[in-house]
Every structure is written in C-alpha cells, then in structure tokens.
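Each chain is listed here by its residues.
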Amino acid sequence: MNTINTDLNEPDIISNVVYEDLQIGQSASQVRTLTNADIQAFATVTGDVNPTHLDAEYAAHTLFHGVIAHGMWGGALISTILGTRLPGPGTIYLEQNLHFAKPVRIGDTLTVSATVVAKDDEKKRVTLDCEIINQKGDRVVYGNALVIAPTEKVSRPRTHLPTMTMFDLGERQRHLLDSVKDLPAIRCAVVHPCDADSLQGAVDAARQGLIIPVLVAPLEKLLAVAAAVNIDITGFEKVDAPHSHAAADIAAEMAAKGQVEALMKGSLHTDELMHAVVECTALRTGRRLSHVYHLDVPMYHKLLLLTDAALNIYPTLPEKADILQNAINLAHALNIPLPKVALLSAVETVNPKIMSTIDAAALCKMAERKQITGAIVDGPLAFDNAISARAAQIKGIVSAVSGDVDILMVPDLESGNMLGKQFEYLAGAATCGVVLGAKVPIALTSRADGPSSRVASAALVKLLAHEYRKNVP
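These lines cover the structure that appears in this document, whether it is placed above or below. In this text the structure is predicted, and so the values were computed from the model without any measurement.

**As for the overall build of the protein**
Right, so step 1: On a plain count of helices and strands, the protein comes out with 15 helices and 21 strands.
Right, so step 2: By the compact-globule yardstick of 23 Å for 473 residues, the protein is too spread out, its C-alpha radius of gyration being 29 Å.
Right, so step 3: Seen through its C-alpha atoms, the protein measures out along the principal axes to roughly 95 × 60 × 35 Å.
Right, so step 4: Split into buried and exposed, the 473 residues of the protein put 48% on the buried side.
Right, so step 5: Considering only residue pairs separated by 6 or more positions, the protein has 72% of its internal contacts joining residues 24 or more positions apart.
Right, so step 6: In the form shown here, the protein has an accessible surface area of approximately 22,500 Å², with 53% of it arising from carbon and sulfur atoms.
Right, so step 7: Distance between charge centroids for the protein: 4 Å, based on 41 positive and 51 negative side chains.

Written out as structure tokens, the structure reads:
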C-alpha cells in the first residue's frame, strides 16, 4: 500500500504573476522525489502500462536496466510549475517541447524549474525555459514552453486534493498462492460443486496445481452445470451421490479412509458439510473445529486472520481456547512465527457484565501459563485499539498487539460473521477461509464467494495438508 499526498509542504494560498510583472530571468522551482506510487498513479490515470515503467523483471533487460518514470510524468511536473507558480493561475498553455536526456528512476530527487526567457507584449505571450535536474546535477528533461500569461491578479486558497492510496489488491492472496506452488497437489474431495462458481473454483484450483479434485455430487446435476457454463470436467474423478447430504457423508468417509487429504465446500450449506465431518468420528481430533478467515484488507499493512465467523455460535471458554490455538497454528503454517492476537470485545477493560471481557482475560492468563502457545495474546481489546496504535495510545493502552495485530478473535459467531463480511464488502478485502481441528483441512467459503476466493482457500488447504503430513507418525 502506497499513499500519495501532493499537498504536503505546499502553501495554503496560490497566486500568480501577471504579465506586466514578469521579468526576463525570473524563475520558480519545486523539488519532488519519485516513488513507485508516483509511477503507479500516473499509469492508472493515463492507462500507460508500458512494462518499462511497471514490470521490474522486464525492465531489468531493457536499455535502462530497471524501472524508470514515464517521460511525461516529468512534463506534468513542469506543467505544475506553470499553472501554480509562474505565471500561475490563469495561465494558458500553448506549446511545449521537451527533450528527455536521461532516465528518471525511483528515489531520484528532482528540481523542476521554469525561467522566463522572452515576452510578447502584443499577445501577452511568454516563453519559459524549463528543465528538470536530478540529485546528481544531471539535466534529465529540458525544453521551452509558450504560454499566455494572466493579466489579472489571482490569489486563491489551494484546492486540497484527497489523499491517493495505491493498493495492490489481492497481493497477499497471490503471496499465498506463490508460497505453495512448489508443493505437490493434494487430493481433495470437492463436495457438491453444483453451481458455476464452486465448480469453476475447483477447476481453477486444479489448473493451478493446488488440488487433484474428486467431484462428489449428483452426477447428472454436476454434468448439467458443467455443460451450462461450458466447463470441461471430463478429466476429473467423479463420485456419484444422490443429494448434497449424501455427498457430504461420502466425502467425509473418503477423508477418514485417507483417500483424500482435504475437503472443499461446494454449493451446499455449511451445516450439511460440517455435520458429516462431526459425525465421522475417525476425522475428529481432541480439538474443537473452527473456521479462520484469511483476509487481505487493502487499508491494513499486513495479512489478517479472523476467527471464528462460521462455526461456533456462542463458544465456551474451553472452546475459545481451541479456536485460538487453531488460528495460531494456521499463522505458524503461514510463516508468522509469533502472531499477535487481539481478543475482541466491546471495551478494553474487564467488565463482569460483559462475558467476553472475562473470557478474554482468562485466555490471556491461559497463554501466560502455556495452556495456549505460540503467540502474543492480549485482550480484551475493542476493535479500534486492536487495529490502531493511535487509538490505543489515546486510551492509555500499552500493548504489543495494538496496531500490529495478526489474529482477530471475536467473542461469538454473530460478531465475527458481520465483521468478516464488512471487511469484504466495505473494506474491499480479498477473502478465503479454512476449517481447522479435524484430521484434514476443510476449504470453507460462502456460497456467495467467487472462484478466486475458492482458489485461495484451496491454497490454504494445500498448505495445511502438507503441514499435517509432517505430524503423521
């Protein structure tokens, strides 16, 4: 995530220099350092996605041996001088010639200047010598501009622009996919993929080498869906089941017998699938089953995990301990060696009238006594002082977790489900999810989720399946 705010250190008032006051040799300048966000913003606004400016791998093999700025980004900086400083507001651009002498690279600090070199009294035209010099003193861009200068004095408040934030949407999901690309694909029972999104997600996951899908569903219905949306499933193993309940039972039994290493939810209800898993005693461990959201939230600086938003409605304290340990174990698998956990409540102080604060305090003590291991745990914390170090500071909270949390643990399913969907639909988060606590990982997404979310969930179960292999005696 990169933030651009061009108002920094700029005067609150912009004014011009009228034609009659312009003097030969008069000049104005400003300094600007090129960032990668500048390049991305310019490409976004103009549509110029030349890989020379955006693709480091490609740019390394070009004449310039690395990413460089768009040439006209420099031209835009010259335009800024003319329109806001010299002559300033009211200036009309007529002509501009530019020579691009040297490339501009990320980190270069540029001095942009315009100097009056000629005046035409009859037409009120002004010629300005324009140049951009880098921090080494090299002239990188130069040329002349011809403008009509303003004749009336203008002094106005600067228009304050909104802060522009450049997000690489889905970056952390792509990192997840990259992290498992060298692992062998796992056999995964895809349970009742009888709609377009769930079937496409399974096929896409197979094509990306994440899973070897076994499609467990009513065969006639499955083939009809595939034909309707033109998805070729001829090469995939299929297991016929009379209905979604039976599909869940068959898939769970396959997992219990070691015929598959993971399960993936299709278009059936969550409780159908999870009922089959719970009833299959050979799949159970001593740990409570729980769901973890993997959240790529654009406005947050790193991956977030959220638990439990799908399975446990009002978990007890012992169940919360299992839920928390499951999420910590997932964080470890994701190469977060010591995740920071925020135990959420409505307030950040222990209040006997709010049971979640009592549970949070007990969970912290359990972590302190090593009943829960592998994380820094703090709570109760309200959402604001879990996510924002500033909010915690204002409230006088000293916490190693505030502002840098890896795992958000909610008190109940209602709050977790609402929070997860708010991240997705209001904050633009890319989401996927997995169920832990059984002998195989279970990719669990909402029926409203598209194929990309299902593919990312497949990556999670692939990662976990290989982790589970390490623990098999």
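Still to come is the rest of the account.
**A short note on the environment of V461**
Right, so step 1: Tracing the backbone shows V461 in helix α15 (residues 451–470).
Right, so step 2: Residue classification places V461 among the buried positions, given a relative accessible area of 0%.
Right, so step 3: C-alpha separation for the pair V461 and V440, spaced 21 residues apart in sequence, amounts to 8.3 Å.
Right, so step 4: V461 has contacts with I186, A262, L263, V434, P441, I442 and A443, leaving out every residue within four places of it along the chain.

**Topic: the nonpolar core**
Right, so step 1: The biggest cluster of nonpolar side chains holds 60 residues, and the ones touching the most others in it are I211, I233, L330 and L343.
Right, so step 2: The dominant element in this core, judged by the number of residues it contributes, is α15, at nine residues.
Right, so step 3: Aside from chain neighbours lying at most four places away, what touches L343 is L324, A360, L363, C364, V377, D378, G379, P380, L381 and M409.
Right, so step 4: V67, I78, I132 and A145 belong to the second largest nonpolar core, which has 30 residues in total.

**What to know about empty space enclosed by the protein**
Right, so step 1: On inspection of all chains with the given rule, the structure shows one cavity of 30 Å³ or more.
Right, so step 2: Space inside the largest cavity adds up to approximately 60 Å³.
Right, so step 3: Lining the largest cavity we find K320, L343, L344, S356, D359, A360, L363, M409, V410 and P411.
Right, so step 4: For the lining of the largest cavity, the secondary structure elements donating two or more residues are β17 (340–344) and α11 (355–368).
Right, so step 5: With four residues, the single largest contributor to the lining of the largest cavity is α11.
Right, so step 6: Classifying every residue of the lining of the largest cavity by side-chain character gives seven nonpolar, one polar and two charged.

**Details of the state of the cysteines**
Right, so step 1: Across all of its chains, the model carries zero disulfides by this definition.
Right, so step 2: C188 forms no disulfide, and the closest cysteine sulfur to it belongs to C432, at a distance of 14 Å.
Right, so step 3: Residue classification places C188 among the buried positions, given a relative accessible area of 0%.
Right, so step 4: Here C280 is not disulfide-linked; the sulfur of C188 is the nearest cysteine sulfur, at 15 Å.

Rules behind the numbers
- Residues numbered from 1 in each chain as written.
- Predicted model: local features only at pLDDT ≥ 70, side-chain atom pairs only at ≥ 80, totals over all residues.
- Heavy atoms only, no water.
- Helix = DSSP H or I, 4+ residues; strand = E, 2+ residues; numbered from the N terminus.
- Rg over C-alpha atoms; globule rule 2.2 N^0.38 Å.
- Buried < 20%, exposed > 50% of the residue type's maximum accessible area, 1.4 Å probe, protein only.
- Contact = heavy atoms within 4.5 Å.
- Areas by Shrake-Rupley, 256 points an atom, 1.4 Å probe, with all protein chains shown as cover.
- Lys, Arg positive; Asp, Glu negative; His and termini not counted.
- Charge placed at Lys NZ, Arg CZ, Asp CG, Glu CD.
- Core = buried A, V, L, I, M, F, W, Y, C linked by side-chain atoms within 4.5 Å.
- 1 Å grid on protein atoms, 1.4 Å probe; cavity = no way out; pocket = protein on both sides within 12 Å on 5 of 7 lines; lining within 4 Å.
- Points joined across faces, edges and corners; volume = space filled by probe spheres on them.
- Nonpolar A, V, L, I, M, F, W, Y, C, P; charged D, E, K, R; others polar.
- Disulfide = S-S within 2.5 Å.

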